[in-house]
Each structure stands twice: as C-alpha cells, then as structure tokens.
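Commentary on secondary and tertiary structure
As a plain string of letters, each chain reads:
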Amino acid sequence: MGGPLGAIIGRHPAAAGGGGEDELGGGGGGGDGGGIIRHNRRCRDLAFLVLFAAFWVAMIVNSSFGFNQGNPLRLTYELDYKGNICGSRHGDPDLHELDVRYWMNPNQVYQSGVKDNKINLADAKAICLMECPIPAADGLNFVCDYPEGDIRLSIDDWINRDYDYFEFLTPDMRNSSLQLQGPCYPVIFPSVNVYWSCQFIARASNVSLKHWQQMGGINIDENILIYKTIHKAINSKSSVLKRYVADIGKSWPVLIVCGGLLPLFLSVIWLLLIRYFVAAMPWITVVLFNALVISVTMFFYIKAGWLGNDPLTVVIGESDPYVHITGREISHLHAATVVMTVVMIIAFLSSIAIIRRILIATPVLKVAAKVIGEVQALIIFPVVPYFILAIFYMFWFSATLHLFSSGQVLRNDCNTDCCSYDLKLGKVNCDNCCGYSIHYTPHIGIAILFHLFGCYWATQFFIACSSTVIAGSVASYYWARGEISHDIPFVTVVSSLKRLLRYSLGSVAIGSLVVSAVEWVRFILECLRRKLKLFDSARESCFGKMASSSSQCCLGCIDWTLKSVNRNAYIMIAITGKGFFKASVLATGLIMNNILRIGKVNVIGDVILFLGKLCVSLFCALFAFLMLDTHKYKSAHNKISSPLVPVVVSWALGFIVAKLFFQVVEMSIDTIILSFCQDAEEHQGNAQYAPPLLMETLDEQSELQRLTQGP
C-alpha cells in the first residue's frame, strides 16, 4: 500500500503538515486539527493535461470546418438537376417552398434501374415541387421545368398553375416534350411523398397514358423497376443515416425537455427521496423500473405496427391505402422492438432474483443518505457539471449536423446519351446530361469519427471531475470523524473543487482517456467484424464466430474493470493528490485486501443505483415517445423519419444526467468504504474515524447476510 494514509488524510496538528497552501481543506476543523485534508500536493500528469487542451483546440477546429462547409438542409432534402437543395432560399430559382424532389422523365428512371445501363438515377432530370403531382382523372397533366428564358412566368405563377405551362409552348417545344425531352413532361404514374422524394407507384394511369399516346408521345416503359429504382435510392444506407441525423435536428425541443430538463428534475427528486425515505427507495426503484421497461416496450410495439393502429409510416401526407411502402427505418424499429422485448424479459427475471438481496442495499444507502444530510451541498453541486455538459452538448449537436452535411455539391461524371430542352438557350441541348450529387471525401469521415470520439472523451472527463470533487468532499466528512461545523458543508465541496482544478485535472484527463480509448477499440473491432461478415457471411466458420465473440467479451470485461478501477482511482486522487497511475495502484491494493468486505456491502447498492439511473432514463424515453407522437412530428416539415433515434438519444442524455446526480450517492458509498478499509488497516482492524452509523451498518450487513442465506 505504500505506507499508511493517516498522516495524509487524518486530522493532525498543524505542525505535521505546515500551513499556507497545504491547508487546502479550508477552515472548519477543530482548534487542534487545522485542515481536514492536508498534503504536500503538486500538479500531476501535466502531459495529459496538455494533451486534453490540444484535443479541445482540435475539436474547435474540426467543428469550424463543419460550420463552414455544412448545410443541415442536405440531411433532409435532395438535389435537383441544377444542383440546388430543395427547400433552400439560396438556389436558382428560390426553392424555399419547394422541398419535394420529383423525377420528370419516367423513362430515365426506368433505364437507370436496368442492369448494366449507363444512366444513374442521380443523373435523371429532377426538379423540386411543393407536393407530388397527381395524374388527371379525365385527361393529361404536365409538369414543366422551372420557368425561364422565353417562358415569362414567375415561380409563384408556375406553382399556381400546378407547374403546367404546356399551352404556352411553341411547336418546337411541344414536339420536344412529346419526345420526353422537355421542357414539359407528362404525369403518367401516380406518386407519393416518401421522405421528400416522389416515389413512383408502378401502376400507370390508363386515362393519362391513353391521352399521351393519342398526342403522339413516345412509348413510356411500365414496369415494377420504376418503383424499385427509386425505393433503392431512398432507402440506401447513406440516405437513412442522413435522415436519422436530421431527426436529431428536428426534434431538438424533445431533446431539451426529455434529455435535459426532465432528467434534472427526476434526479433531484430521487436524491431527496433517498435522503428522507431511504428504506422504501430500493423497492420503489425496482417496481418503477419494471413498469417503465414494459411501457417503453409497448410504445415500440405500437410504432412497429404490432400493436394498435398507429404504426410508423414512411409516407409524408396522404397516401394510397392500397399501396404499402416499407423502408429501412421500419425494419430498424422492428429490430429495436425485439431487443426491447428481450430486455423486458431479462429485467423482470433479474428483479425477481434480487428481491431477497434488496434488504442488504438499504443499510448501505443509509450511509450515503447520512453523508448527503451532513454535506448538503452535494445535492446542489452536480448542477455545475450539468450546465457545463448542457452547453457542450448544444455546441456538439449543432456541429454534428453541419459535419454530417459538409460534403461538396459537384456535377457527376457520366457518359450517358440524353438530351433535354434548355429554356435559356432556346433549343435542345445534349451536353449537360449529368446531374449533381453530394461528394464526401475521406477526411470528412475522419472528422466525423474524431467528433464522435471527442464527445465521449469530454463526457467522461466532466463526469470524472464531478466524481473527484464528490469523493474529496465525502473524504473530508469521514476523516473529520463527522465533526463538521455549520459552514463546512459548502466549504468542503468548494475546497475539493479547488484542489481538482489546481492539481488533478491531468490525472482526470488520462483516466477518462483510457476508458474512451477502450470503448473506441471495441467500436472499431465491431465495425470490422460487421464488414468482414458482409464479405463472407456464408463461409464464416465456427472458429471465427467464437474468436469474434470472445474478443468482444474480453474487451467488455476490460472496459468494465477499467471503469471500476478509474472510479476508485478518482477517490484516491481526491484524498491523496497522487497521480492517476499511483492512485490506481493504491486503490487496487486496498480493494484486493478487503475484497470480501467491499463486495458484501457494495454490489447490491450499485445494482439499485444502476436501476435508479435506468428509471430516470427510461422515463425520459417514454416522455420522448409521447412528445414525438404529436401532430407536429408526424406531418409536414417537422416530420421525423423514425422516433427511434430521438428516443435513444433522449434515453442516453437522461442516463448521463442521472449519472451526474446519482454518483453523489455512488461516490459517497465508495469513498466511505475505501476510507473505512484504510482506517481499519492502519488501526489493526478497528476503524477509528468511522461514523457510528457506518459501524452499525457493517455489523447489520453481517447479520442480514446470515438471515438471507438461511441456516
């Protein structure tokens, strides 16, 4: 253990440690005690503090690139044949009211789906409309190109005429239109708005097709391939990913309420209940957890269409009841529903399994409740990292939307033979056949990965800082023998915060970096495994499956162990002022010497606290479902593609906020237990500084264990 810690963290005469800067515990001790925590501290792990500062500079530069190059409209709306973003005010023409992409030439759509054909759907002529056109019931409608050149109509007049100015065309223009070269094209196929693109239904309008043939129009191909081609483009992996990211931007009020304000309120309420109703809280937590898991699962069943009559639909606005259009979002929702069903079953069985052990958790929580009652500022302190994280997440989510949309709009390189009427030139032009697409360079992918990693590291860092401050405050309470003056509940927290900022930021930075690095190694290996599985799914051997599962399991165990070691290392950093690695060694040695004692009193308490965090986050997910189930998010421009991502993000944010507040109880228990173990080691097994309640609790734990295990 490297020697006793009593001289470092006990209440000893001022001569033992000097005065001035070393008395960082502040006042509040007795006249003979001087400072509560005193030690010749100095800055630790400075290299990692510099690395963390460099990381923040890189995060700002990386985000600036996204803000400069990105346009979140690209995540929702598509491009027309001129490279304009539908719905944008900055296009030529102004398209701020025209947000639905429509392919004008059905034959181009058909040919782009034919195997080995040189035409791609991205090069087919598409314009932006307010809504998908409908074939005429007793005639033939046309959709004409944006008015320009000799067509002297304003955009508003063009819209009011349902995009049809065929009667104004010259004979040459009409002949060109009958050859499907524009500027006007017939509306033959019905279409529906699927995520702001007009999905053709492979069922031609017989009346419209008959009129088209009577006018001398060329043959139009009728085939299910027209439907499949557009469906494939709309449901590509990149398109679905962009819609999921866009959902985050559209549902920002939901994230603020369900990911920020609601978990703040619920976490504070939970801490107050732990403070005043500690005996009932384990039972309330378990019952509430199961009720919330069942409720969230039922909402998934409703949106998956397996329960009730309110399933997720990919169509925006009215749709043909006889036409069923699926999408990846619906498949993902089905998968999430199955996962939630499994989670619900496991949660219920686990709750039954721990019922006999819940009695053991109550005395452990009593100790934390006692500490919170004495050091009341601990309930308020998590608000500080909460607001810091809130500001960071607002910046991070905004940068995320811009980074994911930061590709360049460039003309495609195509070798197709096509001709269309150019209104500006006043003739058929066969030179500009290529359309526009958003091109992403490899460095954008690297920037996005770094941005995601930065979020995880920053989150772990702020949580670690909060844990260290709480541990320092609780250690002051323990080693003062519980003799705390009226003003010290606030002074201990402030003093602990000062020690962190002055000496231990580098140690916290390396601890959070280690956990983040392991998490990302797991993420990268999982991505590689999925890619290899796609390449050789049929030949994946049993050995390969076993190796993959084993590696993931090992990394998961390492990750869990590191998080546990880190948490105890932060306690020793707060108490001793040592560097991260030295504190980890001290904490690990102390735990190994007292593994039975710590495990006996701590495991069930951690389970109850974990269930409490899940209760808060599940309630946030449930409320997010309720908010997203309103008309605002089910129609028009704010329609989200799926409630899955906003609900998951609300759950994650709720869990992080709950973790910030619940670690007051968690770190209080861990700090007091570690301090008790060290105290007992230094005094031949008889802890001298332990509060009476802690001694009673440990004796009660032994008795409860005998009762629960039976004769």
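Residues numbered from 1 in each chain as written. Predicted model: local features only at pLDDT ≥ 70, side-chain atom pairs only at ≥ 80, totals over all residues. Heavy atoms only, no water.

This part is about the overall build of the protein. Looking only at helices and strands, the protein has 22 helices and 10 strands in total. Per-residue burial over the protein gives 54% buried out of 711 residues. Counted over contacts in the protein with a minimum sequence separation of 6, partners at least 24 positions apart contribute 77%. (Helix = DSSP H or I, 4+ residues; strand = E, 2+ residues; numbered from the N terminus. Buried < 20%, exposed > 50% of the residue type's maximum accessible area, 1.4 Å probe, protein only. Contact = heavy atoms within 4.5 Å.)

Here we come to helix H10 (residues 252–276). Helix length check: H10 (25 residues) gives 35 Å between terminal C-alpha atoms against 36 Å at 1.5 Å per residue, within 8%. Taking the largest bend as the criterion, H10 deviates by roughly 35°, centred on leucine 262, and proline proline 263 comes between one and four positions later. (Expected span 1.5 Å × (residues − 1). Bend = angle between axes of the 7 residues up to and from the residue.)

What characterises a pair of aromatic rings is the spacing of the ring centres plus the angle enclosed by the ring planes. Within this structure, the stated rule accounts for 30 aromatic pairs. Where tryptophan 396 meets phenylalanine 397, the ring centres are 5.2 Å apart and the plane angle is 75°; that geometry is what we call edge-to-face. Taking the relative accessible area as the measure of exposure, tryptophan 396 reaches 8% and is therefore buried. Ring centres of phenylalanine 580 and phenylalanine 581 lie 5.4 Å apart, and the angle between their planes is 75°; on these two criteria the pair is classed as edge-to-face. By relative accessible area, phenylalanine 580 is classed as buried at 5%. (Phe/Tyr/Trp six-rings, centres within 6.5 Å; stacked < 30°, edge-to-face > 60°.)

On inspection of all chains with the given rule, the structure shows 12 salt bridges. Of the charged contacts, one joins arginine 101 and glutamate 78 as a salt bridge, the two residues approaching to 3.9 Å between their closest N and O atoms. Residue arginine 101 is located in strand E1 (residues 100–103), and its partner glutamate 78 is located in the loop between helix H3 (73–76) and E1; the two are separated by 23 residues in the primary sequence. Across this residue pair, the class does not change: arginine 101 and glutamate 78 are buried. (Salt bridge = Lys/Arg side-chain N within 4 Å of Asp/Glu carboxyl O.)

Before going further, it helps to spend a moment on the environment of aspartate 431. Its location among the elements puts aspartate 431 in the loop between strand E9 (427–429) and strand E10 (436–439). Between the C-alpha atoms of aspartate 431 and cysteine 418, which are 13 residues apart in sequence, the distance is 8.1 Å.

A surface patch of nonpolar side chains, amounting to about 600 Å² of accessible area, comprises Phe265, Ile269, Leu272, Leu273, Tyr276 and Phe277. For leucine 273, a relative accessible area of 31% corresponds to the partly exposed category. (Patch = residues over 30% accessible without salt bridge, like charges linked within 9 Å, V, L, I, M, F, W, Y side chains within 5 Å. Areas by Shrake-Rupley, 256 points an atom, 1.4 Å probe, with all protein chains shown as cover.)

At a minimum axis separation of 8 Å, helix H4 (residues 106–113) and helix H8 (residues 224–234) run at an interaxial angle of 75°. By the angle between their axes, H4 is roughly perpendicular relative to H8. Contacts from Pro106, Val109, Tyr110, Ser112 and Gly113 of H4 reach H8 at Leu225, Ile226, Thr229 and Ile230. Partitioning the contact of H4 with H8 into residue classes produces six nonpolar, three polar and no charged. (Axes fitted to C-alpha atoms, helices over the stretch in contact; angles between N-to-C directions. Parallel < 35°, antiparallel > 145°, perpendicular 65-115°, else oblique. Nonpolar A, V, L, I, M, F, W, Y, C, P; charged D, E, K, R; others polar.)

At aspartate 45, a residue that is not glycine, the phi angle is positive and equals roughly 50°. Among the structural elements, aspartate 45 can be located in the loop between helix H1 (6–9) and helix H2 (46–69). Even without being glycine, aspartate 162 reaches a positive phi, approximately 60°. Among the secondary structure elements, aspartate 162 is positioned in the loop between helix H5 (155–160) and helix H6 (171–178).

All chains considered together, the criterion is met by four disulfides. The disulfide partner of cysteine 86 is cysteine 128, and the S-S distance across this bridge is 1.9 Å. Every disulfide takes its handedness from the sign of the S-S torsion; for cysteine 86 and cysteine 128 that torsion is -75°, giving left-handed. Taken together, the residues cysteine 86 in the loop between H3 and E1 and cysteine 128 in strand E2 (residues 126–129) connect sequence positions 42 residues apart. Overall, the relative accessible area of 0% leaves cysteine 128 in the buried class. Here cysteine 144 is linked by a disulfide to cysteine 184, with a sulfur-sulfur distance of 1.9 Å. Torsion about the S-S bond of the cysteine 144 and cysteine 184 cystine: about 105°, corresponding to right-handed handedness. Of the two residues, cysteine 144 sits in strand E3 (residues 142–144) while cysteine 184 sits in strand E4 (residues 184–186), which places them 40 residues apart along the sequence. Left unpaired, cysteine 620 is separated from the closest cysteine sulfur, that of cysteine 258, by 6.5 Å. (Disulfide = S-S within 2.5 Å.)

Glancing now at the confidence of the model for the protein. Detailed reading of the predicted model is not advised wherever pLDDT is low. Across the protein, the average pLDDT comes to 81, with 84% of residues at or above 70. Below pLDDT 50 for its whole length, residues 6–36 participates in 65 contacts with residues either more than four positions away or in separate chains. pLDDT under 50 marks residues 700–711. Its contacts with residues more than four places away, or in other chains, come to 15 contacts. (pLDDT = per-residue confidence, 0-100.)

What follows concerns the environment of histidine 443. With respect to the helices and strands, histidine 443 occurs in helix H16 (residues 442–479). A distance of 2.6 Å separates a polar atom in the side chain of histidine 443 from a polar atom in the side chain of threonine 441. (Polar contact = N/O pair within 3.5 Å; in protein donor to acceptor, adjacent residues only side chain to side chain.)

A few words now on the environment of lysine 232. Along the chain, the position of lysine 232 falls in helix H8. Residue lysine 232 is classed as exposed on the basis of its relative accessible area of 66%. In this structure the C-alpha to C-alpha distance between lysine 232 and glycine 327, which are 95 residues apart in sequence, comes to 9.4 Å.

Interaxial distance between H16 and helix H21 (residues 644–682) falls to 8 Å at its minimum, and their mutual angle equals 40°. Here H16 is positioned oblique relative to H21, judged by the angle of their axes. In the packing of H16 onto H21, the handedness of the crossing is right-handed. Judged by residue contacts, Thr459, Ile463, Ser466, Ser467, Ile470, Ala471, Val474, Ala475, Tyr477, Tyr478 and Trp479 of H16 engage Ile656, Lys659, Leu660, Gln663, Val664, Met667, Ser668, Thr671, Ile672, Ser675, Phe676 and Asp679 from H21. (Left-handed = near helix turned anticlockwise from the far one by under 90°.)

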